[in-house]
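# Residue-level structural notes
The primary structure of each chain is shown beneath.
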Amino acid sequence: MTEAILLVGGKGTRLRPLTVNTPKPMVPAAGVPFLTHQLARARAAGVEHIVLATSYLAEVFEPYFGDGSRLGLHLEYVTEEEPLGTGGAIRNVASRLHSGPDDPVLIFNGDILTGLDIRALVHEHETTGADVSLHLSRVEDPRAFGLVPTDATGRVQAFLEKPQTPEEIVTDQINAGAYVFRRSVIDTIPTGRPVSVERETFPGLLASGAHLQGMVDSTYWLDLGTPQAFVRGSADLVLGRAPSPAVPGRRGDSLTLPTASVAPGAKLTGGTVVCENATVGEGARISGSAILAGATVEAGAVVTDSLIGHGAHVGARTVLTGAVIGDGATVGADNELQSGVRVWCDARIPAAAVRFSSDQ
C-alpha cells in the first residue's frame, strides 16, 4: 500500500471560531497544523502518494505543504466545487490514483487523532481478502456514534445508526474513520452527487455481499470535532499520549517553539504549547492549553484547557477555563471566562467586563 486519500473538505462548524479563517485540518495542534501529524504518520507507515480531497478554504493547503517533498511525500490536491460527502469526495479524486484494481488504498478523515497501527490494518485487509477494511474503536459510551458489530472473525455484520435506547446498543465498536479500500471498489461509488460512505456506500456494499472487515484497534483515538476535544488532542500530542513523529520538539509537560517568548516566572504545564512569536508574561499560569502564533498572555493570567487564537490578546490577571479565544480577539485584564465560552475573531472584551465570581 503506497497511496492514500485524505478527506479534508469539511467546514468544521463545530469548531468555530477556530475555523473562521482556517480549515479544520490546518488549525495548529502541538505547534503545527493538525494535518501535519496525519501526513507524517501515513508516511511512517509506508504511504508515498496522498491525494487531499479539499473544499472549504481549499486554497490554504497547497501553499503550506506544496508537493509534499518536505515530508517525503507526493501530494496532490483536488477541490470539490460543491460538497460531495465522504463517499463523493473519495470518488471525486479517484482519477489521481495510480493503484491497480486489487491494490489497497488507505482513506482517512482529516479530524481524527489516532494511534492506529496503519500497517496492521493493511495487513488485515490483505490477509482476509476484504473489499473494504475499517478501523473500529471501542468506546465507553457509543450513543453518539454509529455502531459496527462484527462476527468472531472480524467480518462486519451491520452498520447501525446512533442508538436511541439501551437495547439498541449491541456493541461498543464504532467506525473510527480510517479505511482500506480495494481500488476497484472506489470506482463503484456514484459520481456527480453527494454520497456518504457511512450511510450509503458501506451498507450498500454489505447488502450486495461484499466482504467488509473490521479491525479493532483500541489505542489512542479522539474525534477533534469540538474546541474542547481539539485542545485536549493538542495537549496529548505534547505530553506524548498521542503518537506523532511531527511534534516539533521534545514531548513533555509543555512545548515552547523557538521564536516564542515566555517570562522566567511563568508556569506552563499539562501539555501546553506556545507557538511562534507568542508571548507569555511574568507569573502567568497556563495548563493544558494552546497559545497560537502571535498571541499574548499578559502577566498573572491563568489559562486552563483553553485555546488562544492567532494574534489574540489576554489581559493581565484574566482567568480562562475551557475557553476559546478567536483570532485577533482581545480579552481585557481582570476578566473571568468559564467553560464553553467562545470569543469570536477580532472581538473586544473590556477590562473587568465579564466575571463568574466577585471581584474581591
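Residues numbered from 1 in each chain as written. Predicted model: local features only at pLDDT ≥ 70, side-chain atom pairs only at ≥ 80, totals over all residues. Heavy atoms only, no water.

### Re the overall build of the protein
Formally: A run of DSSP states H or I qualifies as a helix once it reaches four residues; a run of E qualifies as a strand once it reaches two. Both are numbered from the N-terminal end. Here the globule rule reads 2.2 Å times residues to the power 0.38, and the radius of gyration is calculated from C-alpha atoms. Classification of residues uses two cut-offs on accessible area relative to the type maximum, computed with a 1.4 Å probe and protein chains only: under 20% is buried, over 50% is exposed, and between them is partly exposed. We call two residues in contact whenever any of their non-hydrogen atoms come within 4.5 Å of each other. His residues and chain termini do not enter the charge count, which takes Lys and Arg as positive and Asp and Glu as negative. By convention, the point assigned to a charge is CZ for Arg, NZ for Lys, CD for Glu and CG for Asp.
Scanning the protein from terminus to terminus reveals 7 helices and 28 strands. In terms of C-alpha radius of gyration, the protein reaches 22 Å, essentially the compact-globule figure of 21 Å for 360 residues. Taking the principal axes of the C-alpha coordinates as reference, the protein spans close to 70 × 50 × 35 Å. For the protein, the proportion of its 360 residues judged to be buried stands at 55%. Across the protein, contacts joining residues at least 24 apart in sequence account for 52% of those joining residues at least 6 apart. Charged side chains of the protein number 28 positive and 39 negative; the gap between the two group centres comes to 3 Å.

### Some details on the sheet that holds strand S10 (residues 212-216)
Rule in force here: If DSSP finds at least two bridges between two strands, the strands pair. Note on definitions: angles span 0 to 180 degrees between N-to-C directions of axes, and those axes are lines fitted to C-alpha atoms, for helices only across the stretch in contact.
The 7 strands are arranged S5-S4-S1-S6-S9-S8-S10 in an open sheet whose pairing can be described as mixed. Because the sheet does not close on itself, it has two edges, and the strands there are strand S5 (74-79) and S10. Ignoring strand direction, the axes of neighbouring strands in this sheet form an average angle of 25°. Bridging between strand S8 (residues 132-138) and S10 involves 5 bridges; their strand directions are parallel. Across the sheet, residue Leu136 finds its bridge partner in S10, namely Val216.

### A closer look at the packing of aromatic side chains
Each aromatic ring pair is summarised here by two numbers: the centre-to-centre distance and the angle between the ring planes. Stated formally: What counts as a ring pair is set by centres within 6.5 Å for rings of Phe, Tyr and Trp (its six-membered ring), and what kind of pair is set by the plane angle: stacked under 30 degrees, edge-to-face over 60, tilted for all other angles.
A full pass over the atoms with the stated rule returns 7 aromatic pairs. With 5.4 Å between their ring centres and 20° between their planes, Phe159 and Phe202 make a pair best called stacked. Taken as a pair, Phe159 in the loop between S8 and strand S9 (173-182) and Phe202 in helix H6 (residues 197-207) lie far apart in primary sequence, 43 residues in all. Taken individually, Phe159 and Phe202 each receive the classification buried, so the pair is uniform in this respect.

### Looking at the UniProt feature "domain: Mannose-1-phosphate guanyltransferase C-terminal" (unreviewed entry) in the protein
For clarity, the threshold we go by: UniProt positions are given in the numbering used here, feature names are shortened, and annotations may be inferred rather than shown by experiment.
When the UniProt feature table is mapped onto this chain numbering, "domain: Mannose-1-phosphate guanyltransferase C-terminal" (unreviewed entry) sits at residues 254-333. Between the end C-alpha atoms of residues 254-333 there is a gap of 25 Å, over a span that is 0% helix and 42% strand.

### Structural notes on the side chain of Asn335
So the rule is basically this: In protein, a polar contact requires one atom able to donate a hydrogen and another able to accept it; more generally it is a pair of N or O atoms within 3.5 Å, and residues adjacent in sequence count only if both atoms are side-chain atoms.
Turning to its location among the elements, Asn335 is positioned in the loop between strand S25 (330-331) and strand S26 (336-337). Polar contacts involving the side chain of Asn335 include one to the main-chain carbonyl oxygen of Pro350, which spans 2.9 Å. There is a polar contact of 2.7 Å between the side chain of Asn335 and the backbone nitrogen of Val354. The residues contacting Asn335, other than those within four sequence positions of it, are Arg317, Thr318, Val319, Ile349, Pro350, Ala351, Ala352, Ala353, Val354 and Arg355.

### Here's the deal with unusual backbone geometry
Of note, the amide linkage connecting Arg16 to Pro17 takes the cis form, showing an omega dihedral of 10°. The backbone of Asp346 sits at a positive phi, close to 65°, despite the residue not being glycine. Examined against the element boundaries, Asp346 turns out to sit in the loop between strand S27 (342-343) and strand S28 (348-349). Among the residues examined, Asp346 registers a relative accessible area of 53% and is labelled exposed. The phi dihedral of Ala352 is positive, around 55°, even though this residue is not glycine. Tracing the chain through its elements places Ala352 in the segment after S28.

### Focus on helix H4 (residues 118-128)
Here is the rule we go by: Directions from the helix axis toward the C-beta atoms define the arc.
The complete set of buried residues in H4 reads Ile118, Leu121, Val122 and His125. Along the axis of H4, the buried residues cluster in a sector spanning 100°; they form a single face. Counted as exposed and oriented over 90 degrees from the buried face of H4: Arg119, His123 and Thr127. Contacts made by the buried residues of H4 are with helix H1 (34-44), strand S6 (104-109), S8, S9 and S10. At the N-terminal boundary of H4, the capping side chain belongs to Asp117, with an oxygen 3.3 Å from the backbone nitrogen of Arg119. A positive backbone phi angle near 70° is found at Gly129, which sits one or two residues after H4.

### Notes on the pairing of S6
Of all the 6 residues making up S6, 6 are buried; the element is thus mostly covered by neighbouring parts of the structure. Note: strand S1 (residues 3-7) against S6, 5 bridges, orientation parallel. Looking across to S6, one finds that Leu7 is bridged to Asn109. Relative to S9, S6 runs antiparallel, the two being bridged by 5 bridges. Residue Phe108 lies in a different strand from S9, and its bridge partner there is Ala178.

### Brief notes about the side chain of Thr171
Counting through the fold element by element, Thr171 comes out in the loop between S8 and S9. Looking at Thr171, the relative accessible area reads 13%, which means it is buried. A distance of 3.1 Å separates the side chain of Thr171 from the backbone nitrogen of Gln173, its partner in a polar contact. When sequence neighbours within four positions are dropped, the list of residues in contact with Thr171 reads Pro142, Leu147, Val148 and Pro149.

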